[in-house]
Amino acid sequence: MEATIQTNNYLYKITAIAALGGFLFGYDTAVISGAIGFMESKFSLTPSLKGWAVSSAILGCVIGALTAGYVADRIGRKKALILTALLFALSAIGCLFAPSFTLLVIARIIGGVGVGAASMLSPLYISEISPAGKRGALVSLYQLGIVMGIIIVYFCNYLVAQSGDEAWNIEYGWRYMLGSEAIPALLFLGALFFVPESPRWLSKNGDNVAALRILGKLNPKEEAIEIHREIQGALQQEKGKLSELFEKGFRTAITIGIVLALFSQITGINAIMYYAPEILKSAGFGVDSALIQTVLIGLINSIFTFVAIRYIDRAGRKKLLLWGIMGMIICLLVIGGLYRFNALEGPWLLIFILGFVACFASSLGPIPWVMISEIFPTKVRGVAMSICVMVLWIGVMLISQFTPMLLSDLGPSHTFWLFMVNAIFLWVFTYRVIPETKGRTLEEIEKGWKK
């Protein structure tokens, strides 16, 4: 019993450290929501440049996601994560002192590279160290890290905004919002020196002694030996070539990964996360009220992520997806209707925005991260995840860049209904194509595709 407790404590400790990559992901991507209005006034941004101020970081995310898999497969998961922490810190300091809009954008792109890399590396690392029966919940802690980063940065943005008048915020406040990320980035950097390398990466590179030793710290001794045997057997059967992903069986896996990654973003969550204050202000809420309600959105996001953590290894990935996406469809339908019929007075708009966030947080928020970290062969898992996460960030970039224009040209009602159509497609795809993976080791999932 004592050995089991020690094993669990060690597992949870290193998982929590890896999940800090998610915290910085959430912090970096959401910090712009409080700063963008003041940046717009400071730099006299057009709607296009306003979208670029937000989406420039996402361009970096695409670059980071695309390259992180190759880097992680070459130098290891741990060293690659350390590089991302350095990029986070460099970006935050650059944003704090940037003398021009161009240099600010460059700093945001550097941070984006870190975010994109961490968004692939953290769930990859957690997946590779996790026992099969706990993998869904543990990888979901990465999503919890994201939403905790979002809610904390919303709160920090509010405190900064209250520290001075509008003129002070236009001149200095937005800098402190963006620069505050240096603190968690440096904490992440220091904590990473206390985590081990992924045992599956070590086995892939021939260091079976170290791999078995780490597996023994993460699992009971007999299970560790059996898992190591499965890893070695799977590695012997894998080609380790990118073309393997497009062979029969694995084609389905890469299709699932790409569709989940893309549609988790183009169903509207980041339109709300990035532009919530602007959306709420357009519906008649004051500046202070809109900022406070974005904190409420972050709280709901956090609370319902715990629903996913509790049930993802019990109910399963597919069932949570089907229920959550259906709830998102209903909420998007009503939100669009409220705008269409100008029924914005009262609490209903906020209620259904919160309902949408709750449905997303309990399903489509964490589950894509879980599934894309578990459905690919070990030798090409890093590269395969890079492809999926790159697609995810392309989706984020499209939403962040074009949401202001969609809201301006189509209007809020048709914008939210467009997100609803995307959600309907994803529900049908989930029902017809996605299999259940709960309770299976990574090697068992791999064998399933081959069958």
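Residues numbered from 1 in each chain as written. Predicted model: local features only at pLDDT ≥ 70, side-chain atom pairs only at ≥ 80, totals over all residues. Heavy atoms only, no water.

### A word on the overall build of the protein chain
No. 1: Regarding its fold elements, the protein chain presents 19 helices and zero strands.
No. 2: Its C-alpha atoms give the protein chain a radius of gyration of 21 Å, near enough to 22 Å, the size a compact globule of 451 residues would have.
No. 3: Its C-alpha atoms put the protein chain at 60 × 45 × 45 Å along the principal axes.
No. 4: Of all 451 residues assigned to the protein chain, the portion counted as buried reaches 60%.
No. 5: For the protein chain, the proportion of contacts with a sequence separation of at least 24, taken over those separated by at least 6, is 84%.
No. 6: When the accessible area of the protein chain is evaluated, it comes to approximately 17,300 Å², of which 67% is carbon and sulfur surface.
No. 7: Looking at charge distribution, the protein chain has the averaged site of its 36 positive side-chain charges lying 7 Å from that of its 28 negative ones. (Helix = DSSP H or I, 4+ residues; strand = E, 2+ residues; numbered from the N terminus. Rg over C-alpha atoms; globule rule 2.2 N^0.38 Å. Buried < 20%, exposed > 50% of the residue type's maximum accessible area, 1.4 Å probe, protein only. Contact = heavy atoms within 4.5 Å. Areas by Shrake-Rupley, 256 points an atom, 1.4 Å probe, with all protein chains shown as cover. Lys, Arg positive; Asp, Glu negative; His and termini not counted. Charge placed at Lys NZ, Arg CZ, Asp CG, Glu CD.)

### Quick word on the nonpolar core
No. 1: Counting residues in each nonpolar core, the largest one holds 140 residues, and the members touching the most others are Leu178, Trp369, Phe376 and Trp393.
No. 2: Broken down by element, this core gets its largest block of residues, 16 residues, from helix α1 (residues 2-43).
No. 3: What phenylalanine 376 contacts, discounting residues up to four positions off in sequence, is Leu245, Ala253, Ile254, Arg381, Ala384, Met385 and Cys388.
No. 4: Core analysis: the second largest hydrophobic core is formed by five residues, Leu215, Ile227, Ile231 and Leu235 among them. (Core = buried A, V, L, I, M, F, W, Y, C linked by side-chain atoms within 4.5 Å.)

### Description of helix α3 (residues 77-97)
No. 1: Counted at 1.5 Å a residue, the expected span for α3 with its 21 residues is 30 Å, and the 31 Å between its end C-alpha atoms agrees.
No. 2: Residues Arg77, Ala80, Leu81, Ile82, Thr84, Ala85, Phe88, Ala89, Ser91, Ala92 and Cys95 constitute the buried set of α3. (Expected span 1.5 Å × (residues − 1).)

### Observations regarding the packing of helix α2 (residues 47-75) against helix α17 (residues 381-409)
No. 1: Viewed as axis vectors pointing N to C, α2 and α17 meet at an angle of 180 degrees, and their least axial separation amounts to 8 Å. Our classification of the angle between α2 and α17 gives roughly antiparallel.
No. 2: Along the lines of polarity and charge, the residues of the contact of α2 with α17 split into 17 nonpolar, eight polar and one charged. (Axes fitted to C-alpha atoms, helices over the stretch in contact; angles between N-to-C directions. Parallel < 35°, antiparallel > 145°, perpendicular 65-115°, else oblique. Nonpolar A, V, L, I, M, F, W, Y, C, P; charged D, E, K, R; others polar.)

### Topic: the pattern of salt bridges
No. 1: Considering all chains together, one arrives at twelve salt bridges under this definition.
No. 2: With a closest N to O distance of 3.6 Å, glutamate 40 and lysine 50 form a salt bridge. Note that glutamate 40 is positioned in helix α1 and lysine 50 in helix α2, a separation of ten residues in sequence.
No. 3: Classification of lysine 50 as buried rests on a relative accessible area of 11%. (Salt bridge = Lys/Arg side-chain N within 4 Å of Asp/Glu carboxyl O.)

### With respect to the side chain of serine 56
No. 1: Take serine 56: it is sitting in helix α2.
No. 2: Using a relative accessible area of 0% as the deciding quantity, one classes serine 56 as buried.
No. 3: The residues touching serine 56, leaving out its near neighbours within four places in the chain, are Val105, Arg108 and Ile109.

### Describing the environment of phenylalanine 352
No. 1: For phenylalanine 352, the position within the fold is in helix α15 (residues 348-361).
No. 2: Judged by relative accessible area, phenylalanine 352 falls into the partly exposed class, the value being 22%.
No. 3: The sequence separation of phenylalanine 352 and cysteine 331 amounts to 21 residues, and the corresponding C-alpha distance is 5.5 Å.

### Topic: unusual backbone geometry
No. 1: At serine 44, a position not held by glycine, the phi torsion is positive, near 50 degrees.
No. 2: Of note, serine 44 is situated in the loop between α1 and α2.
No. 3: The class for serine 44 is exposed, based on a relative accessible area of 59%.

Purely geometric stuff here, so don't read any function into it on its own.
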